[in-house]
Amino acid sequence: MQTPTKYIFVTGGVASSLGKGIISASLAKLLQARGYSVTIQKLDPYLNIDPGTLNPYEHGECYVTEDGAEADLDLGHYERFLNVPTSQANNVTTGRIYKSVIEKERRGDFLGKTVQIIPHITDEIQRRITLLGNTGRYDFVITEIGGTVGDIESLPFIEAIRQLKLILEPQQSLVIHLTLIPYLAAAGELKTKPTQHSVRMFLEQGVQPDILVCRTEHELGPDLKRKIGLFCNVSSESVIESRDASSIYDVPLLMEKEELDRVVLKKLGMPTLEKADLSNWKEFLFKLRNPTSEVEIGIVGKYIELKDAYKSIAEAFIHAGAANQVQVHIRWIHSEDIIDDNVEALFAGLNGVLVAPGFGERGIEGKISAIKFARERNIPFFGICLGMQCAVIEFARNVLGWQDAHSTEMDPKTTHPVIHLQENQKKVTNKGGTMRLGAYSCKLKKNSLAYNVYGREEISERHRHRYEFNNLYLSDFGNAGLVESGVNEEKALIEVVENVNHPWFIGVQFHPEYKSTVENPHPLFLGFVKAATVNAAQNNGKDYAIA
Ligand code: GLN
């Protein structure tokens, strides 16, 4: 008989932002590299149904899965590390849990019972956790609990884990608690007390963590590990040091060195002799660390104060840079800072310009100025979603001469609505979960730049938008040199445009950044970085032909 799925819970203590997502993804990577199938789930304790309605300043990027879930950005890390797609089931919020319980209550499913947090909410949490395990597809389900132990809103999740640990077989589950060991400079010491308190609070809620992962700026050493173990009821081999790393991609190797995977397997009663095969991962890290050339790319967006708002784009550049052995420097440019007069100065020396996705009016004119500059100066340009829409608007205004051309998202009264609302969006009133979301197919035009970049005709990419290219203007654009090179044939939606009079100018309605992983860098990012490298070489006086 196949061994039943094992469940690993990852919780946090002492402080938020310690990197539970990266620790979860790193452990998953180590288990996967030992030949196990692993998935990672994130439970978020807030009341929004999903982060789709959240301002990026609140919660960073909204990640989108193949099946159209608007999800926490940690799912992006899971996919980038594991190279396996996640789904709706991989991200569940308190809001979603309550919604399903309340819907059941309205249907009368509880047969007159009083509906309560325990057992009804906790049962629903458990159902969501075991849903993934019950597919039979995974040896391990790693469930990351958002927030920190001790938060009021985390309580039902911790209670659900406590109960689940009793329901599951012995050695079928374990809890990893991620804490902080602060360094007090004045005393010159690492302090374990906050960790002790965090574990005590966890114990008050009925859960004894099995493994402690301790974030620290300095080496813990065997004595401190023993002390932490003693006060927190775990053996010192279960106290794992997690030192600050220069790249998140180093963390799997650091965790391997600390033997996190071996300790986990041992506690779950599984064989530990063979080691993880991390050769591909190490090769990626080697290329990342040993670039042979460098480029500088400008990312234009309106949320740049918070780098997490463009997480997947920044990571996709790391993957594509490593694959090309090119160091990609990012210059973050705030779209509201751009006015026609300062473009030259703000963009000086850039080898490529990417205009990021976004919503609403703020910063639009800056994005359009940035695109004009890249188009006129033959600087490689890559527009994603709103970035593609802005490229269409820029072309309409400055090449076709339609001065008031716009998207109806920003100017509903424009006489040239070159970007307009998708037909089936016209009757949509609710904001949550109602965009065109998830993976759709797209056919690329043979011999176009997009086709050359992907090396095939049929592609599938993920979407998150309400507006689209207005096909009424297709021939006007095409005749002037901005051609459609990718189309969703089912709905006749224009998914890719490119400028045939420019060395490398592509706008895509979809979000390629969501599909870039360490093992599968995205072709568009690879192509863009390559084009930027050619641009850099030309600027340095070398004569390269654009492939
Ligand atoms: N606001 C635009 C739309 O809804 C673009 C969305 C995006 O960039 N994700 O179509």
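Parameters and conventions
Residues numbered from 1 in each chain as written. Predicted model: local features only at pLDDT ≥ 70, side-chain atom pairs only at ≥ 80, totals over all residues. Heavy atoms only, no water. Helix = DSSP H or I, 4+ residues; strand = E, 2+ residues; numbered from the N terminus. Buried < 20%, exposed > 50% of the residue type's maximum accessible area, 1.4 Å probe, protein only. Contact = heavy atoms within 4.5 Å. Near = heavy atom within 4 Å. Polar contact = N/O pair within 3.5 Å; in protein donor to acceptor, adjacent residues only side chain to side chain. Areas by Shrake-Rupley, 256 points an atom, 1.4 Å probe, with all protein chains shown as cover. Nonpolar A, V, L, I, M, F, W, Y, C, P; charged D, E, K, R; others polar. Pairing = 2+ DSSP bridges. Axes fitted to C-alpha atoms, helices over the stretch in contact; angles between N-to-C directions.

Chemist: Now, about the environment of leucine 474: what can you tell me, with residues and values included?
Modeler: Position of leucine 474 relative to the elements: it lies in helix H17 (residues 474-480). For leucine 474, a relative accessible area of 24% translates into the label partly exposed. Spatially, the C-alpha atom of leucine 474 lies 7.8 Å from that of glutamate 484, the residues being 10 residues apart in sequence. Setting aside anything within four residues of it in sequence, one finds leucine 474 in contact with Phe469, Glu484 and Ile494.

Chemist: Any chance you could break down the site of the ligand for me, citing the residues and the numbers?
Modeler: Residues in close proximity to the ligand include Pro357, Gly358, Phe359, Cys385, Leu386, Gln389, Glu409, Arg464, His465, Arg466, Tyr467 and His511, which together make up its full environment. Between an oxygen atom of the ligand and a main-chain N or O atom of leucine 386, the distance comes to 3.0 Å. Measuring from an oxygen atom of the ligand, one finds a backbone N or O atom of arginine 466 at 2.9 Å. Burial of the ligand by the surrounding chains reaches 99%, relative to a free accessible area of 300 Å². Considered class by class, the residues forming the shell around the ligand number five nonpolar, four polar and three charged.

Chemist: With reference to specific residues and values, describe the sheet that holds strand E11 (residues 239-243).
Modeler: Strand order in this open sheet of seven strands is E5-E2-E6-E1-E7-E10-E11, and the pairing throughout is parallel. Here the strands that pair on one side only, and so sit at the sheet edges, are strand E5 (91-93) and E11. The sheet shows a mean angle of 20 degrees between the axes of neighbouring strands, direction not considered. Judged from the six bridges that link them, strand E1 (residues 6-12) and strand E7 (residues 173-180) form a sheet pairing that is parallel. Within E7, the position partnered with threonine 11 by the bridge is histidine 177. Each of strand E2 (38-44), E5 and strand E6 (140-145) touches helix H3 (residues 74-82); the most contacted strand, E2, lies at about 170 degrees to it. Set on the sheet, helix H10 (residues 260-267) makes contact with E1, E6, E7, strand E10 (211-216) and E11; between it and E10 the angle comes to about 165 degrees.

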